[in-house]
Amino acid sequence: MHEETCGVNSGIMELKEILEHHIIDKVWAYLELGPVHLPVSKHLLMMVIAFILLVVVLPFIIRSRSAVTAPLRSMIEVIFLFIRDEVVRPNLGRELGDKYIGYFATLFFFILTLNLLGLFPFGATATGNLAVTGALAAMSLVLIVYAGIRKQGITGYIKHLVPGGVPVWLYPILFPIELIGLVTKAFALCVRLFANMLGGHIVILSFICFIFIFGSFGAIYGFGVAPVSVLLVLFMMALELFVAFLQAYIFVFLTAIFTGMAVNPH
Amino acid sequence: MEALIRPDFGLSFWTIVCFVLLLVILRKTAWTPLINAINEREEGLRIARESTDQARIEAERVRDELNSRLAGLKSEIKEQLEDARKTAAREKEAMLADARKSAAGIIASAKKEIEAERAEALRDMKKRVAEISLMAAGQVLRKNMNSKANEELAGQFLAEIEKDRPDLKAEAGNN
C-alpha cells in the first residue's frame, strides 16, 4: 500500500518534471550585453528556424513558376487573400488595409509557423512562452496606437479614445478606463495565444503520462491504458493542428479589429 | 512550474528583432510580389471578362442583324412566290384559253371537213344511184323498148324518188 502511493507520487513528480521539461524554455546560455541578459534558448532556436523558413521558403514559393510548387503557392495565396479580404479590409478599409497588410500577413505566418514547429518531434512551441506572445502583443499594441495616431493625429486619437456621445463629466472616469482597456486588449491577446498553445501540449503530455502513471500500478494497467491514451493523443494532435491555425487567425483577426477601432472611431 | 508565467524578457527582445526583420524582409520579398501577381491575374481576368462581354455583344448584334436579314429574305421569298403563283395562274388561264380556242378551231374545221366529206359521199352516192338507175333503166329499156307502160313506170319511179328526197332533186339540179 505504502509502495503504491509512493509510486503514484513519484509518477506525479515525474509528470511535473516532464511537463517542465517539455513546455518551459531551455536556456543554454546568456548573451551578456552590459546590463541586459539575452538568453540563447530553445525557443530562440525555434524562432530562428521559423525566420529562416519564412525568409527562404515563402519568397521561393511565391516567385517560382513551377508546377510542383503551384499547390503551395495557391495555398499561400488563399491564406493571404483571406487575411486581406476577410480580415484586414473589412476592419481597416481598403486603402489603409492594403497599407498594413504586410504586418498582418507576416504576423499570421510567423505565429502559424511557430505553432506548427511546436508539433514536430524535438520541437518546442515558442508561442507557448509568455515572453514571446507578450512581445507579439506589444507590437500589435504599438501598431494599434500608431495606426490610430497616424489616421487622426495625436489629439484626435486621444480624444476618440473615449467613445463619442459621452457627457463631459464622465471623461475623467472613462479616459483611464479606456487606456486600461487598450492595454487589456493587448494583454488578452498575449495570454490567449500563450494559454491555447500551452493547454494542448499539457493535455497531450498528460495523456501520455497516464500510461506511466497507470503502469506504476502494474504493467497490465499500463498496457491497458496505452491504446486509449494513444488514441486520445492522436485526437489531441489533430486538434492542436487545427488550433495552430485557429490561434494564428484569432490573433491576427483581433489585432485587425482593434486597429480598425483605433482608425475608425464610432 | 512558476517559470511558466515568469517571462524572460530577453526572449521578448529576440521575438521583436525576429518579427521586425521578418516584417521588413517579407514585405519586399514575399508580399509585394504576391500582391503584384494577384493584381496581374485579376487584371487579366478583368480584361478577359471585358473581351468576353464585347464578343457577346458583337455576337448578339450579328445575330440580330442576321435575324432581320432573314426576316427580310423570308418576306421577299413570300412575295416572289406569290408573284410566281399569280404569273402561273395567269399563264394557265392564257394557255387554257388558247387551248380552248384552238380546240374550237380544230372542231370547226373538222366539222367543215366532215360536212365536205359527207357532201362528197352524197354526191358519189347520187352518181352511183343514177348510174345504177340508168343501168336498171337500160335493162328494162332493152326488154321493153317499145312498151309505153314501162316508160310510165320509170317516170312514176322517178317521181316517187323526187318526192321522197327533194334534196336529190336539188343536187341533181345543181349538177
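Before reading on, note that the structure itself is shown above.
Q: Got a minute to help me understand the pattern of salt bridges in this structure?
A: Opposite charge on two side chains allows them to pair when their charged atoms are near. The final tally for this structure, using the stated rule, is 15 salt bridges over all chains. The shortest N-O distance in the salt bridge between R89 of chain A and D98 of chain A comes to 3.0 Å. The exposure class of R89 of chain A is buried, given its relative accessible area of 15%. When the shortest N-O distance is used, the salt bridge between R69 of chain B and E65 of chain B registers 3.1 Å.

Q: Please explain helix α5 (residues 130-161) of chain A as it appears in this structure.
A: In an α-helix, one full turn covers 3.6 residues, which means residues spaced three or four apart are oriented alike. All names here are of chain A. Between its terminal C-alpha atoms α5 stretches only 27 Å, short of the 46 Å expected from 32 residues at 1.5 Å a residue. Helix geometry: α5 is bent most strongly at G153, by close to 110°. Two to three positions downstream of the cap, the backbone nitrogen of A131 sits 2.9 Å from a side-chain oxygen, assigning the N-cap of α5 to N129.

Q: Would you take a moment to explain the interface of chain B and chain A for this structure?
A: Accessible area lost upon the coming together of the parts serves often as the stated size of an interface. Contacts between the two partners involve 34 residues from chain B and, on the opposite side, 47 residues from chain A. Taking both sides of the interface into account, the surface hidden between chain B and chain A amounts to around 3,500 Å²; carbon and sulfur atoms contribute 80%. Taken together, the connections running from chain B to chain A amount to 2 salt bridges. Where E77 of chain A meets R41 of chain B, a salt bridge forms, and the shortest distance between an N and an O atom there is 2.4 Å. Between the two partners, chain B and chain A, sit 5 residue pairs in polar contact (both at pLDDT 80 or more).

Q: How do you make sense of a nonpolar patch on the surface when you look at a structure like this?
A: On the surface, a cluster of nonpolar side chains totalling about 660 Å² of accessible area is made up of W28, L45, V48, I49, I52, L53, V56 and V57 of chain A. The greatest single-element share of the nonpolar patch, amounting to 7 residues, is contributed by helix α2 (residues 42-63) of chain A.

Q: In this structure, what is going on with the side chain of Q247 of chain A? I would like to understand it.
A: Mapping Q247 of chain A onto the fold places it in helix α7 (residues 219-263). Excluding its chain neighbours within four sequence positions, the residues that come into contact with Q247 of chain A are N115, R192, L193, N196 and M197 of chain A.

Q: For this particular structure, what's the right way to read the packing of aromatic side chains?
A: By the definition in use, this model includes 13 aromatic pairs over all chains. Pairing Y103 of chain A with F104 of chain A gives two aromatic rings, centres 5.6 Å apart and planes at 85°, and the pair type is edge-to-face. One exposure class covers both Y103 of chain A and F104 of chain A, and it is buried. With a centroid separation of 5.5 Å and an interplanar angle of 80°, the aromatic rings of Y103 of chain A and F19 of chain B are classed as edge-to-face. Placement of Y103 of chain A in helix α4 (residues 94-117) and of F19 of chain B in helix α1 (residues 9-143) is noted, with the two residues assigned to different chains. Ring pairing ties together the aromatic residues F207, F210, F214, F217 and Y221 of chain A, which thus form one cluster.

About the criteria used
- Residues numbered from 1 in each chain as written.
- Chains lettered and ligands numbered in written order.
- Predicted model: local features only at pLDDT ≥ 70, side-chain atom pairs only at ≥ 80, totals over all residues.
- Heavy atoms only, no water.
- Salt bridge = Lys/Arg side-chain N within 4 Å of Asp/Glu carboxyl O.
- Buried < 20%, exposed > 50% of the residue type's maximum accessible area, 1.4 Å probe, protein only.
- Helix = DSSP H or I, 4+ residues; strand = E, 2+ residues; numbered from the N terminus.
- Expected span 1.5 Å × (residues − 1).
- Bend = angle between axes of the 7 residues up to and from the residue.
- Polar contact = N/O pair within 3.5 Å; in protein donor to acceptor, adjacent residues only side chain to side chain.
- Contact = heavy atoms within 4.5 Å.
- Buried area = accessible area lost by both parts, 1.4 Å probe.
- Patch = residues over 30% accessible without salt bridge, like charges linked within 9 Å, V, L, I, M, F, W, Y side chains within 5 Å.
- Areas by Shrake-Rupley, 256 points an atom, 1.4 Å probe, with all protein chains shown as cover.
- Phe/Tyr/Trp six-rings, centres within 6.5 Å; stacked < 30°, edge-to-face > 60°.

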